[in-house]
Amino acid sequence: MAKPVTVNDVLDGQVALDLECLDRVYLNAYVPNLQAGGQVVSFLTAHLGYPIPSPAIFNKLGAAFRKAVARFAAAEHVPVVRFAKTDRKIDRMRPYLAAQAATGHSGVAAIGTAQEFASVFVGVQREGSTGAPWYTFPRTQRRVSCFYFYLWDDEFGPAFIKICAYFPYPAKIWINGHEWAKRQAAKAGIGYTELSNGFAATDDPAALQAICDRLGPATIDAFAQRWLAVLPRPLTDADRAGGYWWELSMRQVEVSRTLVFSAPRHARGFFEALVADNLDIGRPEHVELIFTGKHERRGRPRTHPLTFNTQVVTRGVEVTVNAFYKHSRIKQYLKDGHALRVETVVNDPYDLGCQRRLHNLPALQAKARAVNRRLLDTERVGQGCILASPAFERIAHPTRTREGRRAPALRFGDPRVQALAGALSVSLLAVTGITNKSLRALMTGLLGQPYPTSRASYDLTRLRRNGLITRVEGRNLYRLTDDGLAFAIFYTKVHNRLLRPLMASAPPTPPPLRAALRTIDQHINARFAEARLPSAAA
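This report concerns the structure included in the present document. (Residues numbered from 1 in each chain as written. Predicted model: local features only at pLDDT ≥ 70, side-chain atom pairs only at ≥ 80, totals over all residues. Heavy atoms only, no water.)

## Quick look at the overall build of the chain
Part 1 of the reasoning: Along its length, the chain carries 16 helices and 19 strands.
Part 2 of the reasoning: Evaluated residue by residue, the chain yields a buried proportion of 44% over its 538 residues.
Part 3 of the reasoning: Pairs at least 24 residues apart make up 67% of the contacts formed inside the chain by residues separated by at least 6 positions.
Part 4 of the reasoning: Just so you have it, the chain exposes about 27,900 Å², and 54% of that area is on carbon and sulfur atoms. (Helix = DSSP H or I, 4+ residues; strand = E, 2+ residues; numbered from the N terminus. Buried < 20%, exposed > 50% of the residue type's maximum accessible area, 1.4 Å probe, protein only. Contact = heavy atoms within 4.5 Å. Areas by Shrake-Rupley, 256 points an atom, 1.4 Å probe, with all protein chains shown as cover.)

## Observations regarding helix α5 (residues 177-187)
Part 1 of the reasoning: Burial of α5 is extensive: 9 of the 11 residues sit out of reach of the surface.
Part 2 of the reasoning: When α5 is considered as a whole, its buried residues turn out to be Gly177, His178, Glu179, Trp180, Ala181, Lys182, Arg183, Gln184 and Ala185.
Part 3 of the reasoning: One side-chain oxygen at the N-terminal end of α5 lies 2.9 Å from the backbone nitrogen of His178; it belongs to Asn176.
Part 4 of the reasoning: Two residues or fewer after α5 comes Gly189, characterised by a positive phi angle close to 75 degrees. (Polar contact = N/O pair within 3.5 Å; in protein donor to acceptor, adjacent residues only side chain to side chain.)

## A few points about the packing of α5 against helix α6 (residues 205-214)
Part 1 of the reasoning: Look at α5 against α6: their axes get within 9 Å of each other, and the N-to-C directions meet at 130 degrees. Here α6 runs oblique to α5, going by the angle between their axes. The crossing of α5 and α6 is right-handed. Only Leu208, Ile211, Cys212 and Arg214 of α6 make contact with α5, whose side of the interface consists of Trp180, Ala181, Gln184 and Ala185. (Axes fitted to C-alpha atoms, helices over the stretch in contact; angles between N-to-C directions. Parallel < 35°, antiparallel > 145°, perpendicular 65-115°, else oblique. Left-handed = near helix turned anticlockwise from the far one by under 90°.)

## Structural notes on the side chain of Gln365
Part 1 of the reasoning: Following the sequence through the fold, Gln365 ends up in helix α10 (residues 361-383).
Part 2 of the reasoning: If sequence neighbours within four positions are ignored, Gln365 has contacts with Cys21, Leu22, Leu215 and Val255.

## A closer look at the pairing of strand β14 (residues 328-335)
Part 1 of the reasoning: By the criterion of burial, β14 is predominantly enclosed, with 7 of the 8 residues buried.
Part 2 of the reasoning: Taken together, the 7 bridges between β14 and strand β15 (residues 339-346) define a ladder with antiparallel strand orientation. Note that in β15 the partner of Gln332 across the bridge is Val342.
Part 3 of the reasoning: What sits between β14 and β15 in their antiparallel hairpin is a turn of 3 residues, with Asp336 showing a positive phi close to 55 degrees. (Pairing = 2+ DSSP bridges.)

## Points about unusual backbone geometry
Negative phi characterises most residues that are not glycine, and trans characterises most peptide bonds.
Part 1 of the reasoning: Cis geometry is found at the peptide bond from Phe167 to Pro168, where omega equals 10 degrees.
Part 2 of the reasoning: One can find Pro168 in the loop between β7 (157-164) and β8 (171-176).
Part 3 of the reasoning: Despite not being glycine, His77 has its phi angle at roughly 55 degrees, a positive value.
Part 4 of the reasoning: Among the secondary structure elements, His77 is positioned in the loop between α3 (56-76) and β2 (80-82).
Part 5 of the reasoning: The phi torsion at Asn197 lies on the positive side, around 55 degrees, for a residue other than glycine.
Part 6 of the reasoning: Looking at the element boundaries, Asn197 is found in the loop between β9 (192-195) and β10 (198-202).
Part 7 of the reasoning: Here Asn197 falls in the buried class, since its relative accessible area comes to 15%.

## Here's the deal with the pattern of salt bridges
Part 1 of the reasoning: Applying the stated criterion across every chain, the model contains 22 salt bridges.
Part 2 of the reasoning: The partner of Arg373 in a salt bridge is Glu20, with the nearest N and O atoms 3.3 Å apart. A residue pair is termed long-range when its members are at least 10 positions apart, and Arg373 in helix α10 and Glu20 in strand β1 (residues 15-30) qualify at 353 residues.
Part 3 of the reasoning: The class for Glu20 is buried, based on a relative accessible area of 14%.
Part 4 of the reasoning: In this structure, Asp213 engages Arg369 in a salt bridge whose closest nitrogen and oxygen atoms are separated by 2.9 Å. Of the two residues, Asp213 is situated in helix α6 and Arg369 in helix α10; the sequence distance between them amounts to 156 residues.
Part 5 of the reasoning: A relative accessible area of 41% means that Asp213 is categorised as partly exposed.
Part 6 of the reasoning: Taken together, the shared-partner salt bridges connect Glu179, Lys182, Arg183 and Glu194 into one network. (Salt bridge = Lys/Arg side-chain N within 4 Å of Asp/Glu carboxyl O.)

## Here's the deal with helix α13 (residues 436-447)
Part 1 of the reasoning: Between the first and last C-alpha of α13 there are 16 Å, a value that for 12 residues agrees with the 16 Å anticipated at 1.5 Å per step.
Part 2 of the reasoning: Of the residues flanking the end of α13, it is Gly448, one or two places downstream, whose phi is positive at about 70 degrees. (Expected span 1.5 Å × (residues − 1).)

## Some words on the nonpolar core
Part 1 of the reasoning: Within the largest apolar cluster, 70 residues are counted, with the highest numbers of intra-cluster contacts made by Ile111 and Trp246.
Part 2 of the reasoning: Ranked by the residues each element gives to this core, the list is headed by β1, at 7 residues.
Part 3 of the reasoning: Once residues within four sequence positions are removed from consideration, Trp246 is found in contact with Ala29, Tyr30, Val31, Tyr169, Ala171, Gln225, Leu228, Arg233, Pro234 and Leu235.
Part 4 of the reasoning: Core analysis: the second largest hydrophobic core is formed by 24 residues, Ala419, Leu439, Leu468 and Tyr491 among them. (Core = buried A, V, L, I, M, F, W, Y, C linked by side-chain atoms within 4.5 Å.)

## What to know about the environment of Cys212
Part 1 of the reasoning: For Cys212, the position within the fold is in helix α6.
Part 2 of the reasoning: Once you skip the residues sitting within four places of it in the chain, Cys212 turns out to touch Leu19, Glu20, Cys21, Ala181 and Arg369.

## Thoughts on the packing of aromatic side chains
Part 1 of the reasoning: Tallied over the full model, the rule gives 18 aromatic pairs.
Part 2 of the reasoning: For the pair Phe83 and Tyr148, a centre-to-centre distance of 5.6 Å together with 85 degrees between the ring planes defines the contact as edge-to-face. Here the residue Phe83 occupies a position in the loop between β2 and α4 (89-103), and Tyr148 occupies one in strand β6 (residues 139-153), the gap between them amounting to 65 residues.
Part 3 of the reasoning: What makes Phe83 buried here is its relative accessible area of 9%.
Part 4 of the reasoning: Ring plane angle 40 degrees and centroid distance 5.2 Å describe the contact between Tyr150 and Phe160, whose orientation is recorded as tilted. With a gap of 10 residues between them, Tyr150 in strand β6 and Phe160 in strand β7 connect regions that are remote in the sequence.
Part 5 of the reasoning: Look at Phe160 and you get buried, because its relative accessible area is 10%.
Part 6 of the reasoning: Members of the aromatic cluster, each reached through a chain of ring pairs, are Phe43, Phe58, Phe121, Phe137, Tyr166, Phe167, Tyr169 and Tyr244. (Phe/Tyr/Trp six-rings, centres within 6.5 Å; stacked < 30°, edge-to-face > 60°.)

## Quick notes on the packing of α13 against helix α14 (residues 453-465)
Part 1 of the reasoning: Contact geometry for α13 and α14: axes closest at 9 Å, N-to-C directions at 105 degrees. It follows from the interaxial angle that α13 and α14 lie roughly perpendicular. Where α13 abuts α14, its residues Asn436, Leu439, Arg440 and Met443 lie against Thr453, Ala456, Ser457, Asp459 and Leu460.
Part 2 of the reasoning: Grouping the constituent residues of the contact of α13 with α14 by class yields 4 nonpolar, 3 polar and 2 charged. (Nonpolar A, V, L, I, M, F, W, Y, C, P; charged D, E, K, R; others polar.)

Printed below as a string of structure tokens:
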């Protein structure tokens, strides 16, 4: 029987290129001085000079913006595309982007229009004590006109800027870090082979990684401001001089790590083993495997039966493993059949303890890269998991620390200990570490009974004294050690995959195993006979 391919087999000596890079970056553009009703009144009166802050002014400003977009499209000969509700926007725009790219210079490829919900201000009329009307401006979700300016940029390649046509004109910006890195590599004379949305090979991996590391807030903000100065917009230069202009914050950031295999034949077997190996580690409440055909449209309801629904992994099928954390997720999938893509998709920077403003992107990227590395480290331990004998003996029996403190045992098979191992398995990818509160939440679910604060404190103490977790200095926060990682996965795998099946009532025993057990039984009986020991009573 062939030896199963594990993550360690593939990653040790089988990786030709290992590259970390920002992938898709989706930003919010908002006007900081237009976030509250009082600021709206100041904008309409003190800045624009209207005596009464009436919501009718919103319609006037919006109409002027829509006319400016029409004039721009006509003057620059830019196609205008109206998106249908079921359209996948990038598919509609791809031919226009290709045509603009063929010109060899930056430009607006096309303008898309759509009706979408957005957070806007609405005017609500009130009546004062004198009978004179006045207005308040609460925020609400309204379906309004939005313009998508699809761009081809010399620096960033394909991108778009979406501007809402209603006050306070929220905008969104989308770029791709891999596309930016490709153009910078070409300008630097670094040869490379393209992967779909990535790199398959390069002449200089270190230089290419340095380029990927260089993409930061200043470069992205320069791109945004350069195009906002060119495109038609609802805010004027006078508004900008008065302090009313867009600033950028992070809406969704994808931080990727791509490992291109030198022996692609191992990739498929490795990924199949990875899928099977991660179905129960951590005792997840929900496991989701997404199988998508090459031509399957994501996000659309099916109009035909799924023809490959009984196949786990087949050629031409993309398998994605998702690990969810708060609003964000880590996804792992094969790319073009010979590269492993690990990608942390941050849908809320607060999930990783970062603020949303764009200048926090380096800190967010550093933490997301650490998550990607931690995932691979966890899989290394998970598929080559051996808890060394000295560590096992130290954990399974009461010992004393170097300071002479008693370290209570964590005996294998004890329900509470097994639940602790499962809880730590769930916490392996938690960027924020382990706290008393997070441990209580996990243990309550795993044990199916209340798990009070005092019990969590005791268990954290014995985990720490056994060297399985370390405390972050100055905080009630803990992180797993290497032994703790091995303990969590080893205890969970051995219990769930060996003992539980073997101890199940009337397990079906394969014929080869029955034959082997009979042989062992015969040898044991022969030993008893040689030692002249009586057989046990039946």
